[in-house]
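What follows is the residue order along each chain.
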There are 2 protein chains.
Amino acid sequence: MKPVKIGLMGLGTVGGGTATVLQRNADEITRRCGRSLQIVHAASLEIAGQKLLDPARVKLTENAWDVVNNPDVEIVVELIGGYTLARELVLKAIENGKHVVTANKALIAIHGDEIFKAAQAKGVIVAFEAAVAGGVPIIKAIREGLAANRIQWVAGIINGTGNFILTEMREKGRDFYDVLKEAQALGYAEADPTFDVEGIDAAHKLTILASVAFGIPLQFKKTFTEGISKIAREDVTYAEQLGYRIKHLGIARRTERGIEMRVHPTLIPERRLIANVNGVMNAVLVKSDAVGPTLYYGPGAGSEPTASAVIADLIDVARAMDADVSHRVAMLGFQPNAMSDVPVLSHDEFETACYLRMLAEDKPGVLADVTRIFADKHISIEAVIQKEPQEGQTRVQLILLTSKVLEKQMNAAIAAVEKLDAIEGKVTRIRMEHLG
Amino acid sequence: MKPVKIGLMGLGTVGGGTATVLQRNADEITRRCGRSLQIVHAASLEIAGQKLLDPARVKLTENAWDVVNNPDVEIVVELIGGYTLARELVLKAIENGKHVVTANKALIAIHGDEIFKAAQAKGVIVAFEAAVAGGVPIIKAIREGLAANRIQWVAGIINGTGNFILTEMREKGRDFYDVLKEAQALGYAEADPTFDVEGIDAAHKLTILASVAFGIPLQFKKTFTEGISKIAREDVTYAEQLGYRIKHLGIARRTERGIEMRVHPTLIPERRLIANVNGVMNAVLVKSDAVGPTLYYGPGAGSEPTASAVIADLIDVARAMDADVSHRVAMLGFQPNAMSDVPVLSHDEFETACYLRMLAEDKPGVLADVTRIFADKHISIEAVIQKEPQEGQTRVQLILLTSKVLEKQMNAAIAAVEKLDAIEGKVTRIRMEHLG
C-alpha cells in the first residue's frame, strides 16, 4: 500500500522524538501497520529539530501554516503546544480535510468540543493518546479495552513533576521547595512550575480522561484543582505513620448526583499498587463494573515515550482514515449522538474522607472543643492523633482522620475549628481515598 | 445500525459472565460501539448458564455445532475450553465465514498458527484478548498501544493462582502445600493444580504474548516451563532479606541470538512495581525501545473480568467485520506476510543471573571448593551468604547470587557443586531478573 503522508508541526522535545522513532523503527512500524508512515513536510523554528530530517525527502519550513495547507499531507501532527495558534492550525487542518494527531492536553481539554465537532462534520479523525500519561496507552485502554464496562471512577498520577517532588519528600524527608529547585535543575519542572505543581496540567488530562470514561463533553473549567505546594514535610511523615502515602491524584468519579472531577493531594493506603508509583512515572487506576480495578503505568512525559503514543495514533489513523466512520472508534470513546449530559458536580458537593492537621494549644478541653464541632455537623472522626509538643513549644500537632463527608460540611467545620482560640492558624486538609 | 448477531458457546464461568455483562451494560456498550451486540444462539450443557438468557430472544441448545452452523450468527464466541473440540468448532466457524472471539489460551498457543491461517484465508477475524491476563487489555496494549516500538522484553505475572500462593508464602510465612490446599478450597486452584503451579497455563499465555510482541509464530512447545512447587519457605525469606521478591514470571526476551521464552520462579527487586503485585492479580511489564517500561495490571481471571475482555473483542470485531482487511488490526499485531522467523532459543542458551541455595557441611574449605567451581567456569559470584546452622545441625545454608550466565554453564556448575562431598542433596536454583 502507499505510504501515509504526514505533516509534522513542531520539532522540539516530542516532535524530535517522533521524527527519530518514525525513522529508527520504520521497519517495525510497517510490519505492524501494513503501510509506511512518511513525514513529507515539517515545520519548526528550531534548527536542531530540522536537522533530524533529510531535506532531500522532507520539505522543511518555519511556517506551520505551510503544513496544514499542503495538499499532499494526509495527517497533521500538532506538537507545538499552547492553545491559541495550535487551535487555529488544528481547525484549519480539519477544514482542509486532514486528520490530526496531537499531544496537546490543554488544547483538547479547553477546545476539545469545538475540535471534535468540526472533525465529525468533516469526517476526519482527531487522535490524542499522547495528551494523557505520555507513553501509557490509557486513552486506548479506556476507550476500547474497557469498552464493555460501565466505568465507576478513574484515579491517576498524571503529572510526573508533582510525583517526583512528593516521592523525594517522602523518601528523603525533604521540603517541597527544596525538591522543586532540584526538579527545575533536572529539567523535570519548568522555570514557572505553576502548571505542574498547582495541578493545572493534571486537570487538563483529567478532563480528557473523564470524557472518555463517561462519555461527557470536555469540561475543564468545572474541574476542581488544588496543588501540592502546601504539603508540608510533616504531612508526608504523618501520612506514612498512619499507613498512607500522599499522591497528587486526578480523580473522576461517577456518583448518583453527578460526576466529580478533582485534582488534589490525596492520602491513599500504602498497600495500593498506585501508592508505589514513584519518581516521574505516571499511572492511572480505573475502576469498572465488570473487570474491577485495572492499572496502567509508564513514563508520562519525555521525548520518545510521548512520541510512542503519537505514533500509535498515527498507525491507528492510517488504518482507519480510508474506512467508513462506522468502522472507526468514536473519538471520545462514545458515539457523538450518545454523549451524556450528566452534570459535573460543583466543588462543595464532593464527598471524601479527610486528613486534618492543626496546631493546638496543649491544654485540657481543646480536643473536646474540636471534636464537638465535628459531632455537631455529623462528621465522624475515625482517628485522632496528638503529636507530643517539641521542646520549648506549647502547641501540639493534632491530626484527625474523618469519615466520608460532603465538601461543604467539611468547609463549615474547618471554618469553625479555625475560629477556636486554642487553634493557631489554618487547618491543613488533605483528602483521602481508599481506592478499593 | 443493525445489531450484531452473536453465537455463544459455553455458559460456564466466563460464558455466564459474558451473557450477564452484555445484558447489564447493553446501553453503555451501544453508546460506545454504535450498534448493539445481541446473543441470538447459545450452547451450554449447564442449566444454570441457560437460565441467564431469555429463551424468547435467544435460541438455546446443548449442541455447540448448532451455533457454528447457524447462518444467522456473525460472531462465534468460544468459551468451552480445551483444544480438541474447541479447535474443530473454531475451524468450522471460520469455514462458515464467521468471526471468532475466544478466551482459550491453550487453543491459541497450541493451534494458533493453523487457526489464524484459516481465518486469514477466509477473511474473518479471530480475537483473543481474554486469553491473556483476563480483563487486562494487554493484547491491545502491545499490538496497538505500543505499535511504534521495537519491544525488547515482556515479563508477566500471568497466573493468579501461582501469585496467590507466593504472596501468602511471603506475607504469612506459610508453606507451598499449605497455601495450595487453601487455594483449592477457595476455588482459586483446580483439584489438579498442575496447569497453574507448574507453569503450563502461564506458558500458554506467554506464547501468545511473545507472538504479538515480536511478530513470531506461536511456539508453545519451545517455551521453557518451571513451576513453583519446589519453592521453599526459606527461599522466600532469604529473597526478602536480600531485597527481592519471588514471582512466577513468564518472560519473553529478544536477544541478538534469538528469542528467549521462559516461565519460572524469579527473584526480582522489591522496589519494582511488579514485585508489589499481590494475591490473584496479574500484571505484565513491557520494555520497549521508545516508551521504555509500561505496566498493565488487573484481575487475570474470573467471570466478569474475563467477560470484559471477551466483550471488548466483540466490540472491536463488530466495528471491523464489514471493513476491508487493510482497515483491521493484524490479528497477531504484525501483517501475516511480515512475520519473523527469528529462532526461539533452546533452553540452555538462556542467560540469567541466579540465586543458588545449598546445604553445606559447616567446615573450613567448603566455600572455597564451591566458589572455585564457579571461577573455573567463569561465573562471577556477586554475593555469598552463609546462614548460621540451626541448633543441633552440622550443616549450613549457603546462598550464592551469581552474575548473568548462560544456562548451560550454570547447569554444568550446579552439577559439579552437587558432586562435592560437603554438599548435601540438590542445589536450589532460582533465576533472577532486574527488570530495569
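Residues numbered from 1 in each chain as written. Chains lettered and ligands numbered in written order. Predicted model: local features only at pLDDT ≥ 70, side-chain atom pairs only at ≥ 80, totals over all residues. Heavy atoms only, no water.

This part is about the pattern of salt bridges. Within the structure shown, the criterion is met by 72 salt bridges over all chains. The structure contains a network of salt bridges with shared partners spanning K140, R143, E144, D316 and R319 of chain A together with K140, R143, E144, D316 and R319 of chain B. (Salt bridge = Lys/Arg side-chain N within 4 Å of Asp/Glu carboxyl O.)

One widely used convention gives an interface's size as the accessible area the parts lose upon coming together. Residue and element names in this part refer to chain A. Partitioning chain A into structural domains gives domain 1 (4-135 + 303-338), domain 2 (138-299) and domain 3 (350-432). Using only C-alpha atoms to locate each centre, domain 1 and domain 2 end up separated by 26 Å. Counting residues at the interface gives 23 residues for domain 1 and 22 residues for domain 2. Between domain 1 and domain 2, the buried area comes to about 1900 Å², and carbon and sulfur atoms account for 67% of it. The tally of links from domain 1 across to domain 2 stands at 1 salt bridge. With its nearest N and O atoms 2.7 Å apart, the salt bridge here joins D316 to K140. Counting across the domain 1 and domain 2 interface gives 7 residue pairs in polar contact (both at pLDDT 80 or more). Contributions of two or more residues to the side of domain 1 that touches domain 2 are made by helix 6 (105-122) and helix 13 (303-320). Examining the composition of the side of domain 1 that touches domain 2, we find that 8 residues originate from one element, helix 6, more than from any other. (Domains from an automatic or database assignment. Contact = heavy atoms within 4.5 Å. Buried area = accessible area lost by both parts, 1.4 Å probe. Polar contact = N/O pair within 3.5 Å; in protein donor to acceptor, adjacent residues only side chain to side chain. Helix = DSSP H or I, 4+ residues; strand = E, 2+ residues; numbered from the N terminus.)

So, about unusual backbone geometry. One non-glycine residue, L435 of chain A, adopts positive backbone phi at about 55°. For L435 of chain A, the position within the fold is in the segment after strand 17 (423-432). Judged by relative accessible area, which is 11%, L435 of chain A ranks as buried. The backbone of H378 of chain B sits at a positive phi, close to 60°, despite the residue not being glycine. Along the chain, H378 of chain B falls in the loop between helix 14 (366-376) and strand 14 (381-387). (Buried < 20%, exposed > 50% of the residue type's maximum accessible area, 1.4 Å probe, protein only.)

All names here are of chain A. Enumeration according to the criterion identifies 9 aromatic pairs over all chains in this entry. Ring centres of F224 and F350 lie 5.9 Å apart, and the angle between their planes is 75°; this geometry places the pair in the edge-to-face category. Pair noted here: F224 is in strand 8 (residues 224-225) and F350 is in the loop between helix 13 and strand 13 (351-361), with a separation of 126 residues, a long-range link. The class of F350 is buried, set by a relative accessible area of 0%. The ring of F350 carries the charged tip of R262 above its face, separated from the ring centre by 5.7 Å. (Phe/Tyr/Trp six-rings, centres within 6.5 Å; stacked < 30°, edge-to-face > 60°. Lys NZ or Arg CZ within 6 Å of the ring centre and 35° of its normal.)

Moving on to the nonpolar core. Residues I138 of chain A together with I138 of chain B are the most contacted members of the largest nonpolar core, which totals 116 residues. Counting residues in each nonpolar core, the second largest holds 36 residues, with I6, C33, L37 and A307 of chain A among its members. (Core = buried A, V, L, I, M, F, W, Y, C linked by side-chain atoms within 4.5 Å.)

Below, the discussion takes up the interface of chain B and chain A. At the junction of the two partners, chain B supplies 67 residues and chain A supplies 66 residues. Both sides together, the interface formed by chain B and chain A hides about 5200 Å², and carbon and sulfur atoms give 54% of it. Of all residues in chain B, the largest losses of buried area upon contact with chain A belong to R31, R32 and R319 of chain B, amounting jointly to 17% of the total for that side. For the pair chain B and chain A, the interface holds 8 salt bridges. The salt bridge partner of D289 of chain B is R24 of chain A, with a shortest N-O separation of 3.1 Å. At the junction of chain B with chain A, the criterion picks out 32 residue pairs in polar contact (both at pLDDT 80 or more). Going through the elements one at a time, helix 1 (13-24), helix 2 (26-33), helix 7 (138-145), helix 11 (200-214), strand 12 (292-299) and helix 13 (303-320) of chain B are the ones with two or more residues in the side of chain B that touches chain A. When the residues that make up the side of chain B that touches chain A are grouped by side-chain class, the tally is 33 nonpolar, 17 polar and 17 charged. With 3 bridges joining them, strand 12 (residues 292-299) of chain A and strand 12 of chain B adopt antiparallel strand pairing. (Nonpolar A, V, L, I, M, F, W, Y, C, P; charged D, E, K, R; others polar. Pairing = 2+ DSSP bridges.)

The next point concerns the sheet that holds strand 5 (residues 99-102) of chain B. All names here are of chain B. Read across the open sheet, the 6 strands follow the order 3-2-1-4-5-6; overall the sheet is parallel. On the outer flanks of this sheet lie strand 3 (59-61) and strand 6 (126-127), each paired with one strand and no other. One ladder, built from 3 bridges, connects strand 2 (residues 37-43) with strand 3; its direction is parallel. Residue pairing for strand 3: H41 is matched across the bridge by K59.

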